[in-house]
Amino acid sequence: MTVRRDARPDLSPALGKLLYPRSIVILGASDNPAKLGGRPVDYLKRFDFPGRILPVNPGREYVQGLPAFREVEEIPGEIDLAFIMLPAGQAADAVRVCGRRGIRAAIVGASGFAETGPEGAALQEELRVAAAEAGVRILGPNCLGMISLASRAVPTFSSALDEDIELTEGPVAFVSQSGAYGSFVFSEAQHLGIGVSYYLNTGNEADLSAAEMLQALAEDPGVGVLLAYVEGVSDGRRLLETARRARELDKPLILVKAGRSAAGARAAASHTAALATDDAVFDGVARQHGIIRVDGAEAMLDAAQMFATGRRARGRRLTTLSVSGGAGALMADAASASGLEVTAWDKTWQEKMAAAIPRYGSPRNPVDLTGSLISDPGILRRALEVATGHPDTDMIAVMLGTADSCADDLIDAIAAASERSDRPVVVTWTGGSGRPRKRLAELGIPCYPDLGRAAAVLGALASFSLRPAASEPARPAGVPGPGRVPLAASAGGRRQLDEYQSTRLIAAYGIPCAESRTAATVAGAAAAFGDLGGGPVAVKILSDQVGHKSDIGGVRLSLRTPGEVEEAAADLLETGGAGLLETGGAGLLVQAMARGDVELIAGIKRDDSFGPVVVAGLGGVFAEVLGDSQAAAAPVDHGTARRMLTSLRGAGIFSAARGKPAVDLDAAADVIVRLSWLAADRPDIAELDVNPLLLDRETGTVTAADCLAVLDGDGDAT
């Protein structure tokens, strides 16, 4: 991918000076390049920063051979960026000084802030307020700085620059909340030959967040790939805006997020004082907005190698050429697991391939080039000439190993094929000296030591390349506007609605609900049974104090006669009055039994980072046990809602089976869309569950058989 440096993004003045500084002042600069305060000065000198390096040290005339200043105020000329290497207790005052001096961007390196507890959190709040009042945008605190090869600015004390290395500039930008982990990734990227033009550590994010920095970097014409490591998301909606913009620009956002497990979430919170987002929500909104989530540095850098080429896949059809038949079979398995297709070529093209390889090879795909390749490297060149001309090949994988003796010829053949075609080409090279992998990296050809890693990268590339076009959600017909349905929480707090109130709420948004009547007495229940036209019905405890009625025996099902209804009603009312509910008695809900072959759960929640989200999954009384659900930021369009359902692990249950038709997924998706608009319209809804949402195969109907809403706000439920 070509790196453009003829233009810079249109950024705010502060962010422009942070990313492209022409002068950097280091407060707390040390004459000793081994100390934390001395490292930024040493690095800026060693990596030839072309601007002014301005060390501030009241006790020295010179710092590492550069004239030093006693204080910031005595430095002449404009200063773009301050790197504050002072103790935590002095950071806020230093930011105020920067503001008075006209410095609009600062990096705060010290630790000892919110990550340490209440006292540190108070210091961080003081720093945040000081920065806001002084008009200074800050990166950090608890932050090791930034590496910007675009401007040769390396205001950092990261150990990644300790060794004597030649930094490789390229189309990758990397933002990490963790300084140490980010340094490991940056260093490994350099060793792999992956060009990283920007590395920023956001630390505790008292001001600038990872999302805001990614948003700025996405606009840089020299950036083609965005990488991120996050532990918590404090600015979720901005992250989604960034993902949408990156998608418009055809720039992949590849992200590692800690906190999948409860233990990981606790560790993340103690490390950067970031509240770990509910991981299932994060996973869903990431998928919804095209964020490529991977599980660690290895997978992140694997993907960076592939996407840095700038190539895209036209489809999922993979042709594999291997020196080993066994490797070809393994690659076919791995490719299939990654959503790719390794299909046999037709007879005409098999004959063309057969003419290029030994007669005892296999021209079918996977193509077995045989071990003769070692003595005759021309086999690979001829086979690649055929493969790059094959019209039904979208991607090519070449599998080699050891073979250092003929590596140069093999690499030349691969490079020639890559230049000849715009299709993605990857190589797996296992064993040997490692020199071939290094040479391929220098040529910009992705190379991996493992078949599974190569297949995973190609699968991610295909999914990104073939992603559906983004669309703006449209309000469905019959969905009222915001505030049109009067329903709010009780005065002064938060409470749960009963099932009837909850059902009225979703019915107002056009969601089909099982017909029901309320009753306060046994006679009232019998009358409700008549109003519903007879059985079968369910009789349920109706109370805003009970969430899961089946857990307390508060439901009677499939009642078909007035006598059965009266008996069930009497039993439930008596049990409720005897203490089934902690406070007071309960009413009753008489509900027509709804038909359904498949039970879903659908609902909404308010996430601390992403705001309103909609959730869908396999439901029923074992919904929590199954744990098979998908989430998306609300509102959603119909395509997103349908993909939520088809992405469930148990999605096969929706298909036709045992002589019965498939369920109507479009009808189920419509319910999810409508719920998402309810979530977007009503900030007073904290949680809402429809469980079960019944899908009937024969009629194609979708019916909400139970609903529970929990509200936040003031006022009376009406």
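Reference entry: report on the structure contained in this document. Because the structure is a prediction, the values reported are computed rather than measured.

1. Comments concerning the pairing of strand β23 (residues 587-592)
Alright, step 1. Strand direction decides the pairing type here: strand β20 (residues 516-519) and β23, joined by four bridges, are antiparallel. Opposite Ala519, over in β23, you have Leu588 as the bridge partner.
Alright, step 2. By the bridge criterion, six bridges tie strand β21 (residues 537-542) to β23 in an arrangement that is antiparallel. Bridge pairing links Lys540 to Leu589 in β23.

2. Considerations on the pattern of salt bridges
Alright, step 1. A complete count under the given rule lists 38 salt bridges for this structure.
Alright, step 2. Where Glu248 meets Arg245, a salt bridge forms, and the shortest distance between an N and an O atom there is 3.0 Å. Residue Glu248 and its partner Arg245 are located together in helix α7 (residues 236-248), separated by three residues, close to a single helical turn.
Alright, step 3. Glu248 sits in the exposed class, given a relative accessible area of 59%.
Alright, step 4. Given the relative accessible area of 31%, Arg245 is considered partly exposed.
Alright, step 5. A salt bridge links Asp283 to Arg287, with the nearest nitrogen and oxygen atoms 3.2 Å apart.

3. Quick look at the sheet that holds β20
Alright, step 1. Strands sit in the order β20-β23-β21-β22 across an open sheet of four strands; the sheet is antiparallel. Every interior strand has two partners, whereas the edge strands, β20 and β22 (555-559), have only one. Ignoring strand direction, the axes of neighbouring strands in this sheet form an average angle of 20°.
Alright, step 2. Judged from the three bridges that link them, β21 and β22 form a sheet pairing that is antiparallel.

4. Regarding helix α3 (residues 88-101)
Alright, step 1. With 14 residues, α3 ought to run about 20 Å at 1.5 Å a step, and its terminal C-alpha atoms sit 21 Å apart, in line with that.
Alright, step 2. Taken together, the buried positions of α3 are Ala88, Ala91, Ala92, Ala94, Val95, Val97, Cys98 and Gly99.
Alright, step 3. Next to the buried residues of α3 lie β1 (23-27), β5 (81-84), β6 (105-108), α4 (118-134) and β7 (137-139).
Alright, step 4. Positive phi shows up at Gly102, right after α3, with a value of about 90°.

5. Structural notes on the side chain of Asp302
Alright, step 1. Positionally, Asp302 belongs in helix α10 (residues 297-307).
Alright, step 2. Asp302 sits in the buried class, given a relative accessible area of 4%.
Alright, step 3. Of the polar contacts made by the side chain of Asp302, one reaches the side chain of Arg453; its length is 2.8 Å.
Alright, step 4. In this view, Asp302 contacts Tyr448, Arg453 and Val457; residues no more than four positions away in its chain are not counted.

6. Some thoughts on unusual backbone geometry
Alright, step 1. Cis geometry is adopted by the peptide bond preceding Pro141, which originates at Gly140 and carries an omega value of 0°.
Alright, step 2. Position of Pro141 relative to the elements: it lies in the loop between β7 and β8 (146-148).
Alright, step 3. For the peptide bond that leads from Gly535 to Pro536, omega is 0°, which places it in the cis range.
Alright, step 4. Mapped onto the secondary structure, Pro536 falls in the loop between α18 (522-531) and β21.
Alright, step 5. Here Thr402, not a glycine, exhibits a phi torsion of approximately 45°, which is positive.
Alright, step 6. Structurally, Thr402 can be placed in the loop between β16 (395-401) and α14 (407-420).
Alright, step 7. Even without a glycine there, the phi angle at Ala403 is positive, about 55°.
Alright, step 8. Tracing the backbone shows Ala403 in the loop between β16 and α14.

7. As for the nonpolar core
Alright, step 1. Leu18 and Leu19 are the most contacted members of the largest nonpolar core, which totals 109 residues.
Alright, step 2. Residue contributions to this core peak at eight residues, all from helix α16 (residues 451-465).
Alright, step 3. In contact with Leu19, other than residues within four places in its own chain, are Leu11, Met146, Ser148, Ser151, Tyr198, Leu200, Met213, Ala216 and Leu217.
Alright, step 4. Tyr509, Leu600, Leu675 and Val702 belong to the second-largest nonpolar core, a separate cluster that totals 43 residues.

8. With respect to the state of the cysteines
A covalent bond between the sulfur atoms of two cysteines is what we call a disulfide.
Alright, step 1. Per the counting criterion, the structure on display carries zero disulfides.
Alright, step 2. Not part of a disulfide, Cys98 finds its nearest cysteine sulfur in Cys143, a span of 14 Å.
Alright, step 3. The thiol of Cys707 is not disulfide-bonded; the next cysteine sulfur, from Cys513, is found 6.9 Å away.
Alright, step 4. When its relative accessible area of 2% is taken as the criterion, Cys707 is described as buried.

9. Observations concerning the packing of α14 against helix α15 (residues 435-442)
Alright, step 1. Close contact between α14 and α15 brings their axes to 11 Å; oriented N to C, the two are set at 30°. Taken together, the axis directions place α14 and α15 in an arrangement best described as roughly parallel. The two elements α14 and α15 cross, and the hand of that crossing is right-handed. Of the residues in α15, those in contact with Ala407, Asp408, Ile411 and Ile414 of α14 are Arg435, Pro436, Arg439 and Leu440.
Alright, step 2. Residue composition of the contact of α14 with α15, by class: five nonpolar, no polar and three charged.

10. A look at the layout of surface pockets
Alright, step 1. By volume, the largest pocket amounts to about 1000 Å³.
Alright, step 2. Listed by contribution, the elements that provide at least two residues to the lining of the largest pocket are α9 (279-288), β13 (292-294), α10, α16, β26 (629-633) and α21 (638-646).
Alright, step 3. With eight residues, the top contributor of residues to the lining of the largest pocket is α16.
Alright, step 4. A breakdown of the residues in the lining of the largest pocket according to their chemical character gives 16 nonpolar, twelve polar and eleven charged.

11. So, the side chain of Ser209
Alright, step 1. With respect to the helices and strands, Ser209 occurs in the loop between β10 (196-201) and α6 (210-218).
Alright, step 2. Residue Ser209 is classed as buried on the basis of its relative accessible area of 4%.
Alright, step 3. Here Asp235 takes part through its side chain, which lies 3.3 Å from a polar atom of the side chain of Ser209.
Alright, step 4. Not counting chain neighbours up to four residues away, the residues in contact with Ser209 comprise Thr202, Ser234, Asp235 and Arg238.

12. Re the sheet that holds strand β17 (residues 425-430)
Within a sheet, each strand pairs with its neighbour through backbone hydrogen bonds, oriented either parallel or antiparallel.
Alright, step 1. If you trace the five strands from one edge of the open sheet to the other, you get β15-β14-β16-β17-β18, paired in parallel fashion. The sheet is open, and its two edges are formed by β15 (367-368) and β18 (447-448), each paired on a single side.
Alright, step 2. Where helix α11 (residues 325-337) meets the sheet, its contacts fall on β14 (318-322), β15 and β16, and the angle it forms with β14 comes to roughly 155°.

About the criteria used
- Residues numbered from 1 in each chain as written.
- Predicted model: local features only at pLDDT ≥ 70, side-chain atom pairs only at ≥ 80, totals over all residues.
- Heavy atoms only, no water.
- Pairing = 2+ DSSP bridges.
- Helix = DSSP H or I, 4+ residues; strand = E, 2+ residues; numbered from the N terminus.
- Salt bridge = Lys/Arg side-chain N within 4 Å of Asp/Glu carboxyl O.
- Buried < 20%, exposed > 50% of the residue type's maximum accessible area, 1.4 Å probe, protein only.
- Axes fitted to C-alpha atoms, helices over the stretch in contact; angles between N-to-C directions.
- Expected span 1.5 Å × (residues − 1).
- Contact = heavy atoms within 4.5 Å.
- Polar contact = N/O pair within 3.5 Å; in protein donor to acceptor, adjacent residues only side chain to side chain.
- Core = buried A, V, L, I, M, F, W, Y, C linked by side-chain atoms within 4.5 Å.
- Disulfide = S-S within 2.5 Å.
- Parallel < 35°, antiparallel > 145°, perpendicular 65-115°, else oblique.
- Left-handed = near helix turned anticlockwise from the far one by under 90°.
- Nonpolar A, V, L, I, M, F, W, Y, C, P; charged D, E, K, R; others polar.
- 1 Å grid on protein atoms, 1.4 Å probe; cavity = no way out; pocket = protein on both sides within 12 Å on 5 of 7 lines; lining within 4 Å.
- Points joined across faces, edges and corners; volume = space filled by probe spheres on them.

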